[in-house]
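# Coordinates in review
So you can see what is in the structure, the chains are spelled out below.
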Amino acid sequence: MILVLVDHDRGEIDPLSLRALTAARKIDQSIEAVVIGSQAECLAGIVGQYGATTLHVATHAAITDYTPMASGRALKELVEKLKPAAVLAAGSPRGNEQLAHLAAFLDIPMAAECSEITLGSPHHVLRARWGGNLIESANVHAQLLVATIVSFSVEPESVSGAAAKVVAFEPALQPEDFVVKILQRDSGETSGGITLIDAKVIVSGGRGVGGPAGFGNLEELATLLGGAVGCSRVVTSSGWRPHAEQVGQTGTKVAPDLYIAAGISGAMQHIAGMKNSKTIVVINTDPEAPILRYADYAIIGDLHQVIPALTSAIRQAKG
Amino acid sequence: MDVLVCLKRVPLAGGTLMLTPDSRDIETKHLGFGISPHEENAVEAGVQLVEQMGGTLTLLTLGPSDAEEQLRSQLAIGATRAVLIETDGQEWDPQGTAAALVDAINGEETKFDLIIFGAESADSAGYQIHIRVAHALNLPVITNVKSMKIENGVAHCERVVPNGREHYEAPLPAIVTVRDGLNIPRYPSVPGRMQARKKTVDMKKAETRIPKLEKVTLALAPSKDKGAQILGKGAEAVPALVDVLKQIGAIA
Ligand SMILES: Cc1cc2nc3c(=O)[nH]c(=O)nc-3n(C[C@H](O)[C@H](O)[C@H](O)COP(=O)(O)OP(=O)(O)OC[C@H]3O[C@@H](n4cnc5c(N)ncnc54)[C@H](O)[C@@H]3O)c2cc1C
Ligand SMILES: Nc1ncnc2c1ncn2[C@@H]1O[C@H](COP(=O)(O)O)[C@@H](O)[C@H]1O
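Quick notes on the rules
- Residues numbered from 1 in each chain as written.
- Chains lettered and ligands numbered in written order.
- Predicted model: local features only at pLDDT ≥ 70, side-chain atom pairs only at ≥ 80, totals over all residues.
- Heavy atoms only, no water.
- Helix = DSSP H or I, 4+ residues; strand = E, 2+ residues; numbered from the N terminus.
- Buried < 20%, exposed > 50% of the residue type's maximum accessible area, 1.4 Å probe, protein only.
- Contact = heavy atoms within 4.5 Å.
- Areas by Shrake-Rupley, 256 points an atom, 1.4 Å probe, with all protein chains shown as cover.
- Lys, Arg positive; Asp, Glu negative; His and termini not counted.
- Charge placed at Lys NZ, Arg CZ, Asp CG, Glu CD.
- Rg over C-alpha atoms; globule rule 2.2 N^0.38 Å.
- Phe/Tyr/Trp six-rings, centres within 6.5 Å; stacked < 30°, edge-to-face > 60°.
- Lys NZ or Arg CZ within 6 Å of the ring centre and 35° of its normal.
- Near = heavy atom within 4 Å.
- Polar contact = N/O pair within 3.5 Å; in protein donor to acceptor, adjacent residues only side chain to side chain.
- Nonpolar A, V, L, I, M, F, W, Y, C, P; charged D, E, K, R; others polar.
- Buried area = accessible area lost by both parts, 1.4 Å probe.
- Salt bridge = Lys/Arg side-chain N within 4 Å of Asp/Glu carboxyl O.
- Pairing = 2+ DSSP bridges.
- Axes fitted to C-alpha atoms, helices over the stretch in contact; angles between N-to-C directions.
- Arc of directions from axis to C-beta.

## Quick word on the overall build of chain B
Helix and strand content of chain B: six helices and 13 strands. With 252 residues in all, chain B has 53% of them scored as buried. A sequence separation of at least 24 residues applies to 71% of the contacts in chain B between residues at least 6 apart. Total accessible area on chain B is roughly 11300 Å²; 51% of this is exposed by carbon and sulfur atoms. Between the centroid of the 27 positive side chains of chain B and the centroid of its 32 negative side chains there is a distance of 2 Å.

Here you go:
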């Protein structure tokens, strides 16, 4: 049996968890899911649809919000009871963090960001490094495999499963699990009301935009297409745009329907954050720019001419 | 306030990567070395804290003796001293690395108020060394921090999540991991570089451990050239692009 940690934000499921459930089902027919915190019983339907027969719900008076160390301890308790072959989660910041706590409690290895898993002795994984530009083949020497699934490596696939059976349990937690406290939440920094990660269209600018003022044209185009503005690291480290807009290995990883890269050369750390976009359009003065290898369509030219022309042509087309 | 920053020497690759003949490492003959952007932010944060509150900033790395280069360049922006746990050049697995860092931290006379890590290492991205260290030292850990303030012995941190920001706090001593964007790291000044040459880098040895997460080989991620369709040059190509956008449904 494989146990999948399904992550949620106060009852709302993280869609990456559905990919983790799908990935688990490709390794083992028998999967069960676990959620941490109350408000999560409502997820029994959806995890059932993605193949989990049982949903273990860790509830505890002190778990009122995200508490990663408590998650780790609750997972440890469950794992010791159920003895699954593997514990998987999405390779999201939260998935990686909670499973790292589990692995630290058990003092066993954790393989983060896996794209392929073969259970055995030792277990074998392929995992992403350098933002997915390198694939590591690794052996994992432990009885229990603790691993996270790299984002976008599997498409979520549902099966016509019934709702999972809910089994609640109250883990024995310790005061130190709650030393780190979430105090407050704010809604996001968005451009035009759409966050980068949810945007269907991203108009992204790099050093070629030349300065903060040049981004006005990109904003206008993004708004027209109902999308958000993104950028490269050169742009954020020059202070031209807020860091929340940075796409790439150390920024946000995105996969919109349309990614327009203007004045971005295509360093591998940028590619790491956008190569899964459905359609990639490049605007660059350099016909040899590395980003062209990842593009579906390209215009060779100065973005300061192409973008305003594109914006007015789209306005016309929309009538 | 005594701060420790943990950092890792990594090759600085830009465009295309090459592997060594045995496919176990990145070919670094033509590459420079540095540290992850996250860790540059970590050092900058440490320097700022010590500037504001007094105290010391120590750097700690596990790596080949050449990692002294990265320590010196970070000492040049204002760290006090550095510790290098020397390996034979092979990369260690996360458990082995964390255990060696813990031994080194326990061996220090200074009891650090704050230990700062990068959110993940640039080359390996295991997402775990800080958490293992936190467990071993019995310290609270806040990860992925994008903004941080220390007040009255409490670390106030913000983390950016898809739907906004989360505010966390933990009493010191604590571990925090920081992300690119936390601050804009300064460049070393010329006097800074001169001073860095005279600062102490303590060399230590650690016992090698058998890796539990055992790297076998590396491979380049398949990246087929998508064979971009060149729509034309300059603004003249815009109508062709508009047609494409209509086809893919980006314009209704
Ligand atoms: C560990 C690590 C992590 C990193 N993480 C990230 C990350 O998350 N995201 C990221 O983006 N980078 C990241 N980087 C930095 C990355 O390596 C590159 O330095 C960066 O992506 C380059 O940004 P750029 O393409 O905007 O600039 P450049 O590489 O300078 O490219 C500018 C491009 O603009 C074109 N251009 C110039 N003028 C015009 C014009 N008028 N019209 C059209 N085109 C024009 C040029 O031909 C060129 O192709 C990271 C680096 C490291 C070492
Ligand atoms: N060899 C090392 N020496 C010192 N610190 C390290 C080393 N490797 C990783 N770290 C620190 O641990 C963080 C997380 O690394 P990782 O678990 O590999 O993603 C990095 O950003 C560094 O701050």
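More follows now that the structure is in view.
## What about the overall build of chain A?
Tallying secondary structure elements over chain A gives eight helices and 17 strands in all. Computed over the C-alpha atoms, the radius of gyration of chain A is 22 Å, within 12% of the 20 Å expected from 2.2 N^0.38 for a compact globule of 319 residues. Principal-axis analysis of the C-alpha atoms places the extent of chain A at approximately 65 × 40 × 40 Å. Relative to its 319 residues, chain A shows a buried fraction of 59%. Here the analysis covers contacts within chain A between residues at least 6 apart in sequence; of these, 64% occur between residues at least 24 apart. Carbon and sulfur atoms form 50% of the exposed surface of chain A, whose accessible area is close to 11600 Å². In chain A, 24 positive and 31 negative side-chain charges are present, and the distance between their average locations comes to 1 Å.

## Focus: the packing of aromatic side chains
By the definition in use, this model includes zero aromatic pairs over all chains. A cation over a ring is seen here: A:R94 above A:Y66, with NZ or CZ 4.0 Å from the ring centre. Over the ring of B:F33 we find B:R9; its NZ or CZ atom is 3.7 Å from the centre of that ring.

## Examining helix α5 (residues 215-224) of chain A
Residues and elements named next belong to chain A. Three or more residues of α5 are buried, namely F215, L218, L221, A222 and L224. Those residues of α5 that are buried are in contact with β13 (201-205), β14 (228-231), α6 (233-237), β15 (258-262) and α8 (303-318). Immediately beyond the C-terminal end of α5, within one or two residues, lies G226, with a positive phi of roughly 70°.

## Side note on the site of ligand 2
Residues and elements named next belong to chain B. Ligand 2 sits among 19 residues. The nearest are C6, E39, L62, G118 and S121. With respect to ligand 2, the backbone of L62 contributes an N or O atom lying 2.8 Å from a nitrogen atom. A distance of 3.0 Å separates an oxygen atom of ligand 2 from a polar backbone atom of I129. Here ligand 2, which alone exposes 490 Å², has 98% of that area covered by the protein. Elements supplying a minimum of two residues to the shell around ligand 2: β4 (56-63), α3 (94-107), β6 (114-118) and α4 (129-137). With three residues, β4 is the single largest residue contributor to the shell around ligand 2. In terms of residue class, the shell around ligand 2 is built from nine nonpolar, seven polar and three charged.

## Quick notes on the interface of chain B and chain A
Contact with chain B, which involves 83 residues of that partner, is made by 84 residues of chain A. Summed over both sides, the interface of chain B with chain A buries roughly 7000 Å², with 57% coming from carbon and sulfur. When the buried area of chain B at its contact with chain A is split by residue, B:H135, B:H167 and B:K226 rank highest and sum to 9% of it. For the interface between chain B and chain A, the tally reads six salt bridges. At the boundary of chain B with chain A, the tally comes to 39 residue pairs in polar contact (both at pLDDT 80 or more). Breaking the side of chain B that touches chain A down by element, the ones donating at least two residues are β2 (10-12), α1 (37-53), α4, β7 (141-151), β9 (164-171), β12 (213-220), β13 (229-233) and α6 (238-247) of chain B. The residue makeup of the side of chain B that touches chain A, split by class, is 40 nonpolar, 23 polar and 20 charged.

## As for the sheet that holds strand β8 (residues 123-129) of chain A
The strand order β11(A)-β5(A)-β4(A)-β1(A)-β6(A)-β10(A)-β7(A)-β8(A)-β9(A)-β12(B) describes an open sheet built from 10 strands, whose pairing is mixed. Edge positions in the open sheet fall to β11 (165-169) of chain A together with β12 of chain B, since each of these has one partner strand only. The average angle at which neighbouring strand axes cross in this sheet is 35°, direction not considered. Relative to strand β6 (residues 86-90) of chain A, strand β1 (residues 2-5) of chain A is paired through three bridges, and the arrangement is parallel. Within the sheet, the bridge partner assigned to A:V4 lies in β6(A) and is A:L88. This element, helix α3 (residues 68-82) of chain A, spans β1, β4 (31-36), β5 (52-58), β6 and β11 of chain A of the sheet and lies at about 150° to β4(A).

## Thoughts on helix α2 (residues 68-75) of chain B
Count 3.6 residues to each turn of an α-helix, and residues three or four apart come out pointing the same way. All names here are of chain B. Turning to α2, its buried residues are Q70, L71, Q74 and L75. Viewed end-on, α2 has its buried residues packed into an arc of 135°, placing them on one side of the element. The inward-facing, buried residues of α2 abut β3 (32-34), α1, β4, β5 (81-86), α5 (190-198) and β11 (201-205).

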